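The residues making up each chain are set out below.
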Amino acid sequence: MEIIGIDVGFGFTKVTNGRKSLCFKSVLGETTDIQFSTGLGNKEIVDNLHVSVDGKGYFIGDFAIAQSSVRQFTLDQERLLEDFLPVLSLTAAGLFAEEGITLNVVTGLPVVFLKQDYEKMIKAMSGKHQLVYHWPDGSRESRDVTINGVQIMPQPLGTVFGLLMDENGRLVNRGMADKKIGVVDIGFRTTDFLVFDRMSYIERSSSTVDMGMSRSFMAISEKLKRESGVQVELYRLYEAVEKGTIQIRGKEYHIANLRDRVFARAAEELAGEIGRLWSDEWDMHGVILTGGGSQALSSFLAPKLEIPVLPTLEKVTDPRFYNVDGYLRFGKSKWRKTPVPLPSATAVPASAAAESSATPSSAAGRS
Ligand SMILES: Nc1ncnc2c1ncn2[C@@H]1O[C@H](COP(=O)(O)OP(=O)(O)OP(=O)(O)O)[C@@H](O)[C@H]1O
Ligand SMILES: [Mg+2]
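Think of each chain on its own: its residues are numbered from 1, step by step along the sequence as written. Whichever chain is written first is A, and whichever ligand is written first is 1; the rest continue in order. Where local features are concerned, this predicted model is filtered to residues with pLDDT of at least 70; where side-chain atom pairs are given and counted, the filter is 80 or more; whole-chain, interface and lining totals use all residues. With hydrogens and water excluded, all non-hydrogen atoms of the structure serve as input to the side-chain values.

- Under an unreviewed UniProt entry, the name given to the chain is ParM/StbA family protein, and the organism recorded is Desulfobotulus mexicanus.

Given below as structure tokens:
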């Protein structure tokens, strides 16, 4: 049995088994017959995802962006869950599934969708699935993937478990045991807020808002449309936003100043939201910034907050992986052979933690 963490986000799908972490864009494309392969292109797995999931073929992530005529990307929770999550999560799981191995998966949902969607999510992922990976050299690899247990938690809690536990799921950071900490998870569509108080998840002060990075990306895309006449899809802007320039029809457009302005405005709006949501939480020790958007916004956001920003995991340098890394650590604690009891935190209350009936009962008893 192998344990993996999977985080299907609106922007990126992240997956880790502790030895290897992978990330690809949450974009699906129709397959086309590619008649010739130069053999010279990028051979990275995540750049060449052509997968059949239970009999239906897809191009995924950058491969779909490069090769599919019809591509799909969504900022709608229902569509993400119904149409994208099964394909993206199984594709991610299959990358770590050696033939015949059963997987246990830890994953998450935005705070406000947890109750509503966890059953659908478990249903979409559980059971036996057939995957076929078509590699650029023309070879095919067929993998039967069996997902046995699925544990779901509010997404930002992954970052908390990442700080609390070591790679084997042992509770090592006892300094957090008597503290109250806020987590701000800035994703592509959503920003999630979560309060973790003396090892318990506090529902009252946890919430989700539509204030992810896509709003800033939309403002940049609109400006480019006005200047160049081309509507650049949001998922084709990541590299340009990072670099500060983009080439459209051979002309270079400078977007660094605009980017910094929209990021500063986004940080201001988020700081306002945090101030309102946590106005009563004056006893909070500090706040952890997580999610890919925290990389871009933390320098604008930190000075605007009335709470100190706490350091995050040193070993994981890309904050897009903070949640999924913690999912895995939690999974290791939950499904290890000789469980080490954790304080009340495993601490995700019944309404906040859901698991499939296939989960071992010893672990279930500790939720
Ligand atoms: N190397 C990178 N490449 C692309 N984007 C990056 C990178 N590093 C940070 N980012 C930022 O990460 C953001 C996506 O973060 P993340 O993967 O946490 O979102 P998500 O989980 O897909 O979205 P959501 O939580 O809303 O579902 C991008 O909008 C971008 O601003
Ligand atoms: Mg996310």
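### Quick word on the site of ligand 1
Reasoning step 1: Throughout, the term near means that a residue has one or more heavy atoms lying within 4 Å of the molecule or strand in question. Around ligand 1, the structure places 17 residues, and the nearest of them are F10, G11, F188, R189 and G292.
Reasoning step 2: In the analysis that follows, any N or O atom pair within 3.5 Å is treated as a polar contact, provided that within protein one partner can donate a hydrogen and the other can accept it, and provided that, for residues neighboring in sequence, both atoms belong to side chains. Within the contact set of ligand 1, an oxygen atom lies 2.7 Å away from a backbone nitrogen or oxygen of F188.
Reasoning step 3: For the accessible areas, the method is Shrake-Rupley and the probe is 1.4 Å, while residue cover comes only from the protein chains on display. Protein burial of ligand 1: of its 660 Å² of free accessible surface, 88% is covered by the chains.
Reasoning step 4: In this text, helices come from DSSP runs of H or I with a minimum length of four residues, and strands from runs of E with a minimum of two, each type numbered from the N-terminal end. Secondary structure elements with two or more residues in the shell around ligand 1: β2 (12–16) and α8 (292–301).
Reasoning step 5: Of the residues forming the shell around ligand 1, the biggest block, three residues, is contributed by α8.
Reasoning step 6: Only Asp, Glu, Lys and Arg are considered charged in this grouping, and only Ala, Val, Leu, Ile, Met, Phe, Trp, Tyr, Cys and Pro are considered nonpolar; every other residue, Gly among them, is considered polar. Residues belonging to the shell around ligand 1 are distributed by class as follows: six nonpolar, eight polar and three charged.

### Examining helix α7 (residues 256–277)
Reasoning step 1: A helix's residues, less one, multiplied by 1.5 Å, set its expected span. The first and last C-alpha atoms of α7 sit 31 Å apart over 22 residues, in line with the 32 Å expected at 1.5 Å per residue.
Reasoning step 2: Those residues of α7 that fall on the buried side of the exposure criterion are L258, R259, V262, F263, A266, A267, L270, A271 and I274.
Reasoning step 3: Turning to α7, the residues buried within the fold contact β11 (180–186), β12 (191–197), α5 (214–228), α6 (238–243) and α8. Burial classes: relative accessible area under 20% of the type maximum marks a residue as buried, over 50% as exposed, and values in between as partly exposed (1.4 Å probe, protein chains only). Residues count as neighbours in contact if any of their non-hydrogen atoms are within 4.5 Å of one another.

### Notes on the UniProt feature "domain: Actin homologue MreB-like C-terminal" (unreviewed entry) in the chain
Reasoning step 1: Under the present numbering, the feature "domain: Actin homologue MreB-like C-terminal" (unreviewed entry) in UniProt falls on residues 183–301.
Reasoning step 2: This span, residues 183–301, is 45% helix and 29% strand, and a straight line between its end C-alpha atoms measures 13 Å. UniProt positions are given in the numbering used here, feature names are shortened, and annotations may be inferred rather than shown by experiment.

### Remarks on the pattern of salt bridges
Reasoning step 1: Put simply, a salt bridge is a Lys or Arg side-chain nitrogen that is within 4 Å of an Asp or Glu carboxyl oxygen. According to the stated counting rule, one finds 22 salt bridges in the structure shown.
Reasoning step 2: For R236, the salt bridge identified is with E233, shortest N-O distance 3.3 Å.
Reasoning step 3: By relative accessible area, R236 is classed as partly exposed at 41%.
Reasoning step 4: Where salt bridges share partners, they join K180, R204, E281 and D283 into one cluster.

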